[in-house]
Structure formats: structure tokens, C-alpha cells
Amino acid sequence: MERNLTTGSVLRNCIFFSLPYLLSYFLQTLYGMADLYIIGQFNGVEHITAVSIGGQVMHMLTVMIVGLAMGTTVTIGKAVGAKRSERASVAIGNTITLFLGVSIALTIVLLLLVGPIVSVMSTPSEAVAGTIQYLTICFIGIPFITSYNIISSIFRGLGDSKSPMYFIALACVCNIALDCFFIGALHLGAMGAALGTTVAQSISVIVALVVIRKREMGISVRRKHLRPERDTMGQVLKIGVPVALQDGFIQIAFIVITIIANRRGLNDAAAVGIVEKMIGVVFLVPSSMLSTVSALSAQNIGAGKHKRAAQTLWDCTAIAVAFGLTVSVVIQFIAEPAVGLFTKDEMVTVLGGQYIRGYIWDCIFAGVHFCFSGYFCAYGRSGISFLHNFLSIICVRVPGAYLASKFYPDTLFPMGLAAPAGSLLSVVICVVAYVWMRRTYLDK
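The present account deals with the structure reproduced in this document.

## Quick word on the packing of aromatic side chains
Enumeration according to the criterion identifies eleven aromatic pairs in this entry. Relative to F372, the ring of W314 has its centre 5.7 Å away and its plane inclined at 90 degrees; by these criteria the two rings are edge-to-face. Taken together, the residues W314 in helix α13 (residues 306-340) and F372 in helix α15 (residues 362-378) connect sequence positions 58 residues apart. Relative to Y434, the ring of Y375 has its centre 5.7 Å away and its plane inclined at 55 degrees; by these criteria the two rings are tilted. Residue Y375 is found in helix α15, and its partner Y434 is found in helix α17 (residues 413-441); the two are separated by 59 residues along the sequence. Among the aromatic residues, those joined into a cluster by ring pairs are W314, F372, Y375, F376, Y379 and Y434.

Here is the structure:
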């Protein structure tokens with residue numbers, strides 16, 4: 001159902017819109033966490049490594065699809081804010097057409113590249129077979145992954161962040177049950193984890209489509225709206241492509257760091273893989289703030305309320321920083337026990353504790369630049385988000401991780417610090433860009 005977010009308390013709108021978003025992200029992250037936890041209970045380090053590496057590749061693809069779909073959320077949000085229902089319908093229809101083609105093309109290309117992808121990841125030899133099995137099955141499920149994220153982006157553009165939460169909750173429950181069956185009962189290892197994820201996502205999409213057909217959305221989509229329209233697709237792509245590239249570069253940075261860890265040995269690879277999953281959980285709040293800022297600001301911009309859009313940015317930033325500071329301090333005291341939940345290997349636990357103690361500080365700085373990225377996207381300036389992330393990756397994050405690995409071969413703590421150092425550069429760039437934009441928009 002369409003919801004107007006251009007009136008009332010800005011902070012209240014931020015909180016009530018972001019909570020379902022946060023829960024959705026948590027449940028989606030729980031996918032990977034469940035896979036890693038359950039496989040760690042029934043299989044050895046080689047299977048943990050296979051799922052963590054394969055999961056990182058799939059996470060990269062997923063966040064790029066979500067980034068591309070940001071164009072849909074913003075385009076629909078602006079149309080809703082301006083009370084232009086026909087434009088919203090065209091945006092939805094063109095999104096369906098666009099992403100249908102994207103998902104089919106991705107599936108074909110990636111299935112042909114499974115072997116090279118596993119090789120590029122410098123996957124330890126013990127985990128190669130499991131990683132290939134995991135990725136092959138997950139690549140087959142790309143159309144369903146794409147469908148879920150497009151459905152979610154449409155609902156959020158309409159101001160509804162609750163429905164996507166319900167769909168992913170169903171998928172999460174199914175995934176855990178299927179993991180227990182495929183991994184625990186059938187002993188399929190990494191293949192079982194991939195089957196559980198893919199089948200659960202398929203169930204979620206089918207249920208979502210059934211609900212959409214039966215619910216009054218406030219916006220109707222007809223066959224004519226599916227016909228590609230140059231201006232509409234152009235607007236979706238103008239916003240979405242830089243975000244997708246930005247998210248892709250971020251994930252490539254994570255993958256490069258994983259490769260660096262993989263070359264240090266199986267224990268380091270497993271430790272980094274586990275921590276990446278844990279970081280995915282604590283980054284749920286910054287990620288939900290990014291999406292909240294983009295969706296709420298888009299509606300307010302569409303309604304011509306630029307000061308409310310800026311207030312949305314600052315309220316969400318405050319929430320993200322408070323959370324990041326709290327979790328960063330807490331993790332310093334519980335690092336090893338937290339990592340130990342995912343492995344019984346003592347060395348992996350120690351190495352993971354070292355890595356997360358440095359990495360966790362990124363939650364503060366990333367929380368800031370995530371919110372700015374959402375704000376820039378709402379104004380159609382997603383190129384700024386791409387720029388600051390690209391510079392932080394090539395100037396700080398990757399070279400910092402590489403040098404730390406070379407100069408500190410006995411600990412992963414310095415490698416962890418490369419992430420917050422990169423985000424700090426992003427924050428500086430974002431503040432400069434905001435000051436420039438303020439002169440253009442906030443006088444209105």
C-alpha cells in the first residue's frame with residue numbers, strides 16, 4: 001500500500017520506516033549466517049571455507065542487484081511524493097522488464113564462469129570442489145534472487161517497508177529448515193547449503209507474487225507499462241548503475257582481502273570468512289539507514305521539501321553513529337566468544353578475534369558515509385557515492401590490507417584496521433560534497 005512520508009515527524013518516520021528494513025536485512029543476513037553455522041556443526045574447515053567464499057561471491061552479486069534496484073526505489077518515491085501515480089506505474093513496469101533481462105543474462109554468463117571465478121578467488125585446494133558446487137546451484141537461483149530484490153524495491157518506493165520483511169522472514173525460516181535437512185540429514189555439505197538458500201528464496205518469491213495479485217497496492221501496472229520507455233529506464237539506470245558499481249567495488253575489495261587471507265592459509269581464510277559474515281550482521285543498521293535516507297528523501301524531494309530531506313540525513317546519521325560506537329566498544333570484550341560460535345577450531349577463533357577487533361570500528365565511519373550515499377542517490381547524484389567508495393578502496397582499503405598482511409604475518413588485527421581507514425576517507429569526501437549540494441538545494 002502506498003504511504004506518504006512527506007509529513008509528520010522526520011525522526012519518527014525514519015525510525016518506523018527503518019525498523020522493518022532493519023529486520024529485513026537481518027533476516028537476509030541470517031541466510032548466510034545460518035549456512036555457515038549449520039555447516040560448521042556438521043562439516044570441517046574446508047566446507048566452512050567453501051561456503052564463506054561462495055557466499056561472498058553471491059553477496060557481491062546480491063548487493064549489486066540491490067544497488068541497481070535503488071534507481072527503482074528513488075524513481076517511484078519521487079513519483080509518489082509528487083502524486084504522479086501514472087509515472088510510478090511506468091517505473092514499476094519498466095523495472096520488471098529491465099531486471100528480467102538482467103537476471104537471465106547473469107545466470108547464463110555466471111554458469112559459464114564458475115571455474116574461473118573459483119580460481120580467481122585463490123580458493124584453497126581443499127575447498128575447491130565444495131565452492132564450485134555451491135556457486136553452480138546459487139547461480140541457477142539468480143532469477144529468484146533478482147525477483148525478490150525488485151519486489152522489495154518497488155514496495156519501499158511506495159513507502160512500504162513491512163511487506164519485504166514478511167517475505168524474507170518466510171524465506172529465512174525455510175532456509176534454516178532446509179539447511180538442517182540438506183546439511184544435517186543428507187550430509188550434502190556446501191551443496192546442501194546452496195540448495196537450502198536457493199529453494200527458500202524461490203518459495204519467498206512465489207508467495208510474494210501471490211500476495212501482490214490479491215492486495216490493493218494503490219498503483220496499478222498494466223501491459224503498456226511493461227513497454228520500455230527510454231526516459232524512465234534512463235532515470236532508473238542513471239541512479240542505479242553508479243550504486244551497483246559502487247557496491248560491486250566494495251565487494252571486490254572484500255574479495256581481494258579474502259584472496260590475501262586465502263594465501264595466508266586455510267585457518268586465516270576461514271577466520272576472515274567468518275568475520276565477514278559477522279560484520280554483515282552489525283552493518284545491518286548502517287545499511288538500513290542508507291535505504292531509509294534514500295526512500296524518505298526521494299519522496300520529500302518529489303514534494304519539493306528539501307529541508308526535510310536534509311533532516312532525514314542527519315537523523316539517520318545520528319542513529320547510525322550511536323549504534324556503531326556502541327557495538328565497536330562491546331566487540332572488544334567478546335571477540336573470541338563471538339567468533340567461536342561459528343567454529344570449533346581454536347586457531348580460527350583466535351585469528352577471527354584479532355581481525356574483528358580492528359574491522360569493527362568501520363561500523364562508525366561506514367554508518368556516516370552510508371547515510372550520505374542514500375542522500376546523494378535521492379537527488380540522482382549517485383555518482384558521488386561511487387566516487388568516494390572507489391577512492392577509499394583503491395587508495396586505502398586494499399593497499400592497507402595488503403601491506404598489513406605483509407608486515408604483520410602473525411596477526412590479522414592490522415588487516416582489520418584497513419576497512420575503517422578507508423571509510424574515514426569516504427566520510428571526508430561526503431562532507432565536502434554535501435557542503436556543495438547544500439548551496440544548490442537547501443535554500444528551497
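## As for the state of the cysteines
Applying the stated rule across the entire model yields zero disulfides. No disulfide involves C172; its sulfur sits 9.3 Å from the nearest other cysteine sulfur, which is in C174.

## Concerning the nonpolar core
Judged by nonpolar contacts, the single largest core of 102 residues is most densely connected at Y134, L135, F139 and Y375. When residues of this core are assigned to their parent elements, the largest contribution, eleven residues, is made by helix α2 (residues 45-81). In terms of nonpolar packing, the next biggest core, distinct from the first, is built from 15 residues, I65, A69, L98 and M233 among them.

## Describing helix α10 (residues 230-262)
With 33 residues, α10 ought to run about 48 Å at 1.5 Å a step, and its terminal C-alpha atoms sit 45 Å apart, in line with that. Its axis deflected by about 30 degrees at G240, α10 carries its strongest bend there, up to four residues before the proline P242.

## Regarding the pattern of salt bridges
Tallied over the entire structure, the rule returns two salt bridges. Residue E336 pairs with R357 through a salt bridge whose shortest N-O separation is 2.8 Å. Of this pair, E336 sits in helix α13 while R357 sits in helix α14 (residues 346-359), and the two are 21 residues apart along the sequence. Here D362 and R397 are joined by a salt bridge, their closest N and O atoms 3.8 Å apart. Linking D362 in helix α15 with R397 in helix α16 (residues 382-407), this pair joins segments that are 35 residues apart in sequence. Of the two residues, D362 and R397, neither departs from the other in class, the shared state being buried.

Here is what the cut-offs are and how they apply
- Residues numbered from 1 in each chain as written.
- Predicted model: local features only at pLDDT ≥ 70, side-chain atom pairs only at ≥ 80, totals over all residues.
- Heavy atoms only, no water.
- Phe/Tyr/Trp six-rings, centres within 6.5 Å; stacked < 30°, edge-to-face > 60°.
- Helix = DSSP H or I, 4+ residues; strand = E, 2+ residues; numbered from the N terminus.
- Disulfide = S-S within 2.5 Å.
- Core = buried A, V, L, I, M, F, W, Y, C linked by side-chain atoms within 4.5 Å.
- Buried < 20%, exposed > 50% of the residue type's maximum accessible area, 1.4 Å probe, protein only.
- Expected span 1.5 Å × (residues − 1).
- Bend = angle between axes of the 7 residues up to and from the residue.
- Salt bridge = Lys/Arg side-chain N within 4 Å of Asp/Glu carboxyl O.

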